[in-house]
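Here's the letter readout for the chains.
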Amino acid sequence: MRRKHLVGVVVVIFLTWNLLMYYMLVSKNPGKIGGVSVKDQLRNLQGDIERQLSHNSELLQQLRKFRENERAEKLDEEIRRTTTPRPIRAEDTIIPILLIACDRTTVSRSLDLLIKYNPNKKRFPIIVSQDCGHKPTADVIQRYVGEYGIQHIKHPNTSEIPLPWPQKKFQGYYKLSRHYKWALNQVFHTFNYSAVIIVEDDLDISPDFYEYFSATFPVLHQDPSLWCVSAWNDNGKVGMVSEEADLLYRTDFFPGLGWMMERSMWIEIGPKWPEAFWDDWMRHPDQRKGRACIRPEICRTSTFGKKGVSKGLFYEKHLKFIKLNDKFVPFTKTDLSYLSKEKYDPYFAKLVDNTPEVSVAEAMSGRRSNMKALKILYSTKEEFKSTAKKLGIMDDFKAGVPRVAYKGVVSFMYKGQRIYLTPPPNWTGYDVKWS
């Protein structure tokens, strides 16, 4: 393609030179040359040059298209290379902990637990990425750099983001999203890690936090229908979870609050990362693409941060009641292959189908308390919200997906009994208008 373009350029130069020679000849000898008028010969030569220029323009367009296709092929190859599952042992992959920090000096509480429960600091290096330029917080983090060898990186851009008046109140969300993008680019593109566990500076972790992510990483890596592992259960309040600390689920809802993803996922979503509200953006079908996350029955993280960009949203009435697991579950010695889509989906469908159906009033009455589990149907958004409020679970939707739902089913405990809040048998999928 380049050779053709060069040939075209040479031809144009040659024809242009001829045109100049003819012009000089005409200026000295007006009239006819070789039986053809000089004016006609010049006109013909000019036409040849214009046709050659047009041809060169087409060659340039083809060259640009070729280069674009070449770049696209390289990107596709990079995605294929990083997304093709390969056999892997849990202990083979270094998975850093990325702690997102800003201006909380209580980041020390999170760091103390991350260090306390870390079974292998070479396999789980801790990186603190700080935004805001808050010196008291930076001083706290620096103490851990010297004593424990954690890595402290600082977001270079702490400037205010120009926003129109209606959006100014969301400045914190815009800054947080900007910080996330920079920090994740550092992890995957600068430090070249192949996976990451992301936490924020207001999270406590359970004693088996690292064990949980160690065991679930191979499942995430091998199953293309999964795109994250989360430590969080949105309905994980005391009294709403069972005592089965080893119980894990698939969920269509992106939970966040302590979560793991692979480099291949960042290559996919990083270039289109949103300016704000990154977690809700993750929950949209354009990003999720029908993929699921793994989440626990009992949370492996809990938040102590009432202060933050959400101004304590949900904290007083919900988040502070979340139960943090306090038992060590040896997940790495457990077969978690049941979480693969091909095994989990038929098992979960059969489990819910075989559960007795009751009304909300009947479930709340306790008359069927002898049953291990009960099923309550909902057909509309209003029915779901009404039932959720009566039973005490989160009643909101994100891009049409209820919190913790899988295939539309929300699983939780009510007065010691398992409840499946379930869509009708003819359910065909989530409705994004349910938001």
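Report on the accompanying structure.

What counts and what doesn't
- Residues numbered from 1 in each chain as written.
- Predicted model: local features only at pLDDT ≥ 70, side-chain atom pairs only at ≥ 80, totals over all residues.
- Heavy atoms only, no water.
- Helix = DSSP H or I, 4+ residues; strand = E, 2+ residues; numbered from the N terminus.
- Contact = heavy atoms within 4.5 Å.
- Areas by Shrake-Rupley, 256 points an atom, 1.4 Å probe, with all protein chains shown as cover.
- Phe/Tyr/Trp six-rings, centres within 6.5 Å; stacked < 30°, edge-to-face > 60°.
- Lys NZ or Arg CZ within 6 Å of the ring centre and 35° of its normal.
- Polar contact = N/O pair within 3.5 Å; in protein donor to acceptor, adjacent residues only side chain to side chain.
- Axes fitted to C-alpha atoms, helices over the stretch in contact; angles between N-to-C directions.
- Parallel < 35°, antiparallel > 145°, perpendicular 65-115°, else oblique.
- Left-handed = near helix turned anticlockwise from the far one by under 90°.
- Nonpolar A, V, L, I, M, F, W, Y, C, P; charged D, E, K, R; others polar.
- Buried < 20%, exposed > 50% of the residue type's maximum accessible area, 1.4 Å probe, protein only.
- Pairing = 2+ DSSP bridges.
- Disulfide = S-S within 2.5 Å.

Quick look at the overall build of the protein
For the protein, the helix and strand inventory stands at twelve helices and 17 strands. The contacts in the protein between residues at least 6 apart in sequence include a share of 76% that link residues at least 24 apart. When the accessible surface of the protein is totalled, it reaches about 22500 Å², and 55% of it is carbon and sulfur.

Some details on the packing of aromatic side chains
In total, this model carries 27 aromatic pairs according to the counting rule given. Taken together, Tyr180, Trp227, Phe254, Trp259, Trp266, Trp273, Trp278 and Trp281 form an aromatic cluster joined through their ring pairs. Sitting over the ring of Tyr249, Arg295 keeps its end group 4.0 Å from the ring centre. A cation over a ring is seen here: Arg300 above Tyr212, with NZ or CZ 6.0 Å from the ring centre.

Quick look at the side chain of Asn235
Considering the arrangement of structural elements, one finds Asn235 in the loop between β8 (226-230) and β9 (248-251). There is a polar contact of 2.9 Å between the side chain of Asn235 and the backbone nitrogen of Met394. For Asn235, the contacting residues outside a window of four places in its chain are Met240, Val241, Ile393, Met394, Arg403, Val404 and Val410.

Looking at the packing of helix α3 (residues 107-116) against helix α4 (residues 135-148)
Taken N-terminus to C-terminus, the directions of α3 and α4 make an angle of 20°; their axes are 10 Å apart at the nearest point. As summarised for this structure, α3 and α4 are arranged roughly parallel, according to the angle between their axes. Considering how the two elements wind past one another, α3 and α4 form a crossing that is right-handed. Every residue of α4 that contacts α3 at Val107, Ser108, Leu111, Asp112 and Ile115 is listed here: Thr137, Val140, Ile141, Tyr144 and Tyr148. For the contact of α3 with α4, the residue count by class is seven nonpolar, two polar and one charged.

Things to note about the pairing of strand β17 (residues 417-422)
Of all six residues making up β17, six are buried, and the element is well covered by its neighbours. Of the two faces of β17, the one holding Gln417, Ile419 and Leu421 and the one holding Arg418, Tyr420 and Thr422 are both buried throughout. When strand β13 (residues 373-377) meets β17, the two strands line up parallel, connected through five bridges. The partner of Ile376 across the bridge, within β17, is Leu421. Pairing geometry for strand β16 (residues 410-414) and β17, over five bridges, is antiparallel. Bridge assignment links Val410 to a residue of β17, and that residue is Leu421. Here β16 folds back onto β17, and the loop between the two strands holds two residues, one of which, Lys415, carries a positive phi near 50°.

Re unusual backbone geometry
Here the phi dihedral of Cys132 falls at roughly 80°; this positive angle occurs in a residue that is not glycine. You can call Cys132 partly exposed: its relative accessible area is 35%. Backbone geometry places Val404, a non-glycine residue, at a positive phi of 70°. Along the chain, Val404 turns up in the loop between β15 (401-402) and β16.

Comments concerning the sheet that holds β16
Spatially, the three strands line up as an open sheet ordered β13-β17-β16, and their pairing is mixed. The open sheet has two edge strands with one neighbour each: β13 and β16. Averaged over all neighbouring strand pairs, the angle between strand axes comes to 30°, with direction disregarded. On the sheet, helix α10 (residues 341-353) packs against β13 and β17 and is oriented at approximately 105° with respect to β17.

Re the state of the cysteines
If you walk through the whole model with that rule in mind, you get two disulfides. Covalently, Cys102 is tied to Cys132 through a disulfide, its sulfur atoms 1.6 Å apart. Between Cys102 and Cys132, the S-S torsion sits near -85°, and that sign places the bridge as left-handed. On the criterion of sequence distance, the pair formed by Cys102 in the loop between β3 (97-101) and α3 and Cys132 in the loop between β4 (126-130) and α4 is long-range, its members being 30 residues apart. Judged by its relative accessible area of 22%, Cys102 falls in the partly exposed class. Note that Cys228 is cross-linked by a disulfide to Cys293, the S-S spacing being 2.0 Å. Between Cys228 and Cys293, the disulfide has an S-S torsion of 115° and is therefore right-handed. Of this pair, Cys228 sits in strand β8 while Cys293 sits in strand β11 (residues 292-296), and the two are 65 residues apart along the sequence. In this pair, the class of Cys228 matches that of Cys293, namely buried. Taken N- to C-terminal, the disulfide-bonded cysteines of the protein are connected 1-2, 3-4.

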